[in-house]
Amino acid sequence: MHIYDETKDICVNNSAVTLGKFDAFHLGHQRLINIINEKKKEYGYETVLFSFDTTGIKHLPSVTTKAERIDICNELGIDNLVFYPVNKETMAIEPENFIKEVLVKRMGAKVIVTGRDFCFGRNRRGNVEMLEKYAVESGYELIVADDVMSDGKKVSSSNIKDYLTSGNIEMSNKMLGYNYFIKGQVVAGKQNGRKIDTRTINISPDENKILPPRGVYKTNTHIDSRVFKSITNVGINPTVKEDGRIVVETHILDFNEDIYDKEVKIEFIKFIREERKFPDLNALKRQILLDISEANL
């Protein structure tokens, strides 16, 4: 997969392009990707996932980090991934010029796939009606995908973020089409878990990653090609530390290996309880055993 990051110098020919922010890779995004993959099979086009990258103008926490998006696109077989910089210069581009210069000239778009509410260009004047207007003269086919619905609500990044930040992991996962996850490198902690025979691993989440509320969750932990049942605390771990820094701390069942510096993936299944401070480590251990029972692990 070719990655265009923080650059406008894109060079692709005969492509099937899907456009959007792609900050969650939810079921709606997956529908768009399935369409361009089908066009690749049918006509041999190169696939392009064109993502508008807002990190250059403001801090916008996302359901997936940039590194996670790269991993997902690799898994989905995307040929070209574009992180198109959103800044004062690119925001000033007239949408007509974006179509002609970026989509047609630089990417050789033969198929453009997007959602019905997609907007682009200066003052967000560009929309699917404008893309339709230029389709014939520019030589591309426009496909506008219908919204994906879940329990009567539109599958969208904003709805998923609302569910995540309120702790409704089940509904988040339903709209995502996969389990919400956090990836990170295992870092050294204070090793208090060894004192009470409930060892944990710690990762520091990416600062741009949207996190669920502080609390304990039923999770699955992926280590290399292995998957383990686990429970995870997201929070400041008030019983054993006082710096107030958010960490993701996971107790993995039937696991007793040192995996410092290894990257792991933690999938969230359901919320168990809010984070709280315990009087001592033994009280914390008793609660961990109750959490394991509550999670039906």
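All values derive from a computational prediction rather than experimental measurement.

A.B. asks: Looking at this model, I keep getting lost on helix α10 (residues 281-294). Mind explaining?
C.D. replies: Each α-helix turn comprises 3.6 residues. Residues three or four places apart therefore point the same way. End to end, α10 covers 20 Å across 14 residues, agreeing with the expected 20 Å (1.5 Å per residue, within 8%). Restricting attention to buried positions, one finds in α10 the residues A283, L284, Q287, I288, D291 and I292. Residues of α10 that are buried in the fold lie against β11 (215-223), β12 (226-235), β13 (247-252) and β14 (263-274). Its side-chain oxygen 3.1 Å from the backbone nitrogen of N282, D280 forms the N-cap of α10. Count one or two residues on from α10 and you reach N296, which has phi positive near 60°.

A.B. asks: Where do I start with unusual backbone geometry in this structure?
C.D. replies: For residues other than glycine, phi is negative in most cases, and the peptide bonds are mostly trans. At F22, a residue that is not glycine, the phi angle is positive and equals roughly 50°. Relative to the helices and strands, F22 resides in the loop between β2 (15-20) and α1 (27-43). Residue classification places F22 among the buried residues on the basis of a relative accessible area of 1%. One non-glycine residue, N123, lies in the positive phi region at around 55°. Within the secondary structure, N123 sits in the loop between β5 (109-115) and α5 (128-133). Note on N123: relative accessible area 66%, which makes it exposed.

A.B. asks: How do you make sense of the side chain of N37 when you look at a structure like this?
C.D. replies: Within the secondary structure, N37 is located in helix α1. Classification of N37 as buried rests on a relative accessible area of 16%. Apart from the residues lying within four places of it in its own chain, the contact partners of N37 are T47, L76, G77 and I78.

A.B. asks: Would you mind going over the packing of aromatic side chains with me for this structure?
C.D. replies: Aromatic ring pairs are defined here through the distance separating the ring centres and the angle between the ring planes. Following the criterion strictly, the structure yields 16 aromatic pairs and no others. On the numbers, 5.1 Å between centres and 65° between planes, the contact of F50 with F52 is edge-to-face. On the accessibility criterion, F50 (0% relative accessible area) is buried. Each member of the aromatic cluster is reached from another via a ring pair, and the members are F50, F52, Y84, F98, F118 and F120. Here the basic side chain of K66 rests over the ring of F83, its NZ or CZ set 4.9 Å away from the ring centre. The lysine or arginine in question, K209, covers the ring of F181, its NZ or CZ lying 4.9 Å from the ring centre.

A.B. asks: Explain the pattern of salt bridges here, please?
C.D. replies: As a working rule, side chains carrying opposite charge can pair if their charged atoms are close by. Inspection of every chain in the model, using the stated rule, returns 21 salt bridges. As a salt-bridge pair, K41 and E38 come within 3.8 Å of each other at their nearest N and O atoms. Taken as a pair, K41 and E38 lie in helix α1 at a separation of 3 residues, close to a single helical turn. Residue class for E38 comes out partly exposed when judged on its relative accessible area of 45%.

A.B. asks: Would you mind showing me how to read the environment of M171 here?
C.D. replies: Mapped onto the secondary structure, M171 falls in helix α8 (residues 169-176). Placed 99 residues apart in sequence, M171 and K270 show a C-alpha to C-alpha distance of 9.7 Å. Beyond its immediate sequence surroundings of up to four residues, M171 is in contact with S150, D151 and Y163.

A.B. asks: Explain the nonpolar core here, please?
C.D. replies: Nonpolar side chains in soluble globular proteins generally cluster together in the buried interior. Counting 28 residues, the largest nonpolar core has V264 and F268 as its most contacted members. Elements with a minimum of two residues in this core: α7 (157-165), α8, β9 (181-187), β10 (201-203), β11, β12, β13 and β14. Per-element tally for this core: the top contributor is α8, with 4 residues. Apart from the residues within four sequence positions on either side, F268 is in contact with I169, N173, N179, Y180, I182, P212, Y217, K218, T219, T232 and V234. Of all hydrophobic cores here, the second largest spans 26 residues; its members include V48, Y84, M107 and I112.

A.B. asks: Which parts of the structure should I look at to understand the sheet that holds strand β1 (residues 2-5)?
C.D. replies: Across a sheet, paired strands are connected by hydrogen bonds in the backbone, their directions being either parallel or antiparallel. Judged by pairing direction, the sheet is parallel, and its 6 strands sit side by side in the order β1-β4-β3-β2-β5-β6 without closing on themselves. In this open sheet, the two edge strands, each paired with only one partner strand, are β1 and β6 (141-145). Each adjacent strand pair in this sheet contributes to an overall mean axis angle of 20°, direction not counted. One ladder, built from 6 bridges, connects strand β3 (residues 46-53) with strand β4 (residues 80-85); its direction is parallel. Following the sheet pairing, V48 is matched in β4 by N80.

Criteria and thresholds
Residues numbered from 1 in each chain as written. Predicted model: local features only at pLDDT ≥ 70, side-chain atom pairs only at ≥ 80, totals over all residues. Heavy atoms only, no water. Helix = DSSP H or I, 4+ residues; strand = E, 2+ residues; numbered from the N terminus. Expected span 1.5 Å × (residues − 1). Buried < 20%, exposed > 50% of the residue type's maximum accessible area, 1.4 Å probe, protein only. Contact = heavy atoms within 4.5 Å. Polar contact = N/O pair within 3.5 Å; in protein donor to acceptor, adjacent residues only side chain to side chain. Phe/Tyr/Trp six-rings, centres within 6.5 Å; stacked < 30°, edge-to-face > 60°. Lys NZ or Arg CZ within 6 Å of the ring centre and 35° of its normal. Salt bridge = Lys/Arg side-chain N within 4 Å of Asp/Glu carboxyl O. Core = buried A, V, L, I, M, F, W, Y, C linked by side-chain atoms within 4.5 Å. Pairing = 2+ DSSP bridges. Axes fitted to C-alpha atoms, helices over the stretch in contact; angles between N-to-C directions.

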